[in-house]
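# Fold and contact review
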Amino acid sequence: MRNRHSIVFAVVALLFSLTPARADDGAIIDRWYSALLVADRTELSELLADDVRIKLDDLGVVQSKQEFIASIDEWKGAVAGAAIRHRIEKSEAGITTVIACYDFPNNDMLMQETFAVTGNRITASSQAAIAENCDGF
């Protein structure tokens, strides 16, 4: 019986030790969308690892950190007056999958975005449109 309690305690302790990592990844994702909405170059730069690769599946483009940050001025104009809502669908082993609604003034779009997070930095990201509106969000 004593061995059984030790095993249960070890499993519970392990589960609690994993929870902060997921919470931290969720906090990083929240910071990402907040910074993206206001086109905050400094915050976005801090969130991205130096060797990050950002894959825009619908455009067939892969950007480096420098290329992504350089595109923020153009994004700032596109995101003016918009809202971004997101929810984490799954977070496991440093990979977080998010469903995000980009609600622009004249249209909206539903995206699936995946983030790899290591050491409080986004090391990879990919995004693909899953609907031309956010009705299912």
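Residues numbered from 1 in each chain as written. Predicted model: local features only at pLDDT ≥ 70, side-chain atom pairs only at ≥ 80, totals over all residues. Heavy atoms only, no water.

All right, on to the nonpolar core then. Ranked by internal contacts, the top residues of the largest apolar core, which has 28 residues, are W32, Y33, L36, F68, Y102 and I122. Breaking this core down by element, the ones donating at least two residues are α1 (2–37), α2 (41–47), β1 (48–56), α3 (65–70), α4 (72–79), β4 (95–103) and β5 (108–118). The greatest single-element share of this core, amounting to 6 residues, is contributed by α1. (Core = buried A, V, L, I, M, F, W, Y, C linked by side-chain atoms within 4.5 Å. Buried < 20%, exposed > 50% of the residue type's maximum accessible area, 1.4 Å probe, protein only. Helix = DSSP H or I, 4+ residues; strand = E, 2+ residues; numbered from the N terminus.)

Confidence along the protein averages 86 in pLDDT terms, with 83% of residues attaining 70 or more. Below a pLDDT of 50 lies the segment residues 2–22, which in the model reaches 1 contact outside its immediate sequence neighbourhood of four places, other chains included. (pLDDT = per-residue confidence, 0-100. Contact = heavy atoms within 4.5 Å.)

What follows deals with the pattern of salt bridges. If you walk through the whole model with that rule in mind, you get 5 salt bridges. K65 is the salt-bridge partner of D50, the closest N and O atoms lying 3.1 Å from each other. With D50 in strand β1 and K65 in helix α3, this residue pair connects regions lying 15 residues apart in the sequence. The partner of K55 in a salt bridge is D57, with the nearest N and O atoms 3.6 Å apart. Here K55 falls in the partly exposed class, since its relative accessible area comes to 42%. With a relative accessible area of 34%, D57 lands in the partly exposed category. (Salt bridge = Lys/Arg side-chain N within 4 Å of Asp/Glu carboxyl O.)

Among the secondary structure elements, Q66 is positioned in helix α3. Residue Q66 is classed as exposed on the basis of its relative accessible area, which comes to 53%. Between the C-alpha atom of Q66 and that of L48, which follows or precedes it by 18 residues, the distance is 10.0 Å.

The pairing of β4 with β5 spans 9 bridges and is classified as antiparallel. The residue bridging C101 from the neighbouring strand is L110, located in β5. Between β4 and the antiparallel strand that follows it, β5, lie 4 residues. As judged from the 9 bridges shared by β5 and strand β6 (residues 121–131), these two strands associate in the antiparallel manner. Bridging across to β6, E113 finds its partner in Q127. What sits between the antiparallel neighbours β5 and β6 is a turn of 2 residues, in which G119 has the positive phi angle 60°. (Pairing = 2+ DSSP bridges.)

Before going further, it helps to examine α4. Within the sequence span of α4, burial applies to I72, W75 and V79. End-on view of α4: buried residues confined to an arc of 55°, all on one side of the axis. Seen from the buried face of α4, the exposed residues on the opposite side, beyond 90 degrees, are D73, E74 and G77. Positive phi appears at G81, one or two residues downstream of α4, with a value of about 80°. (Arc of directions from axis to C-beta.)

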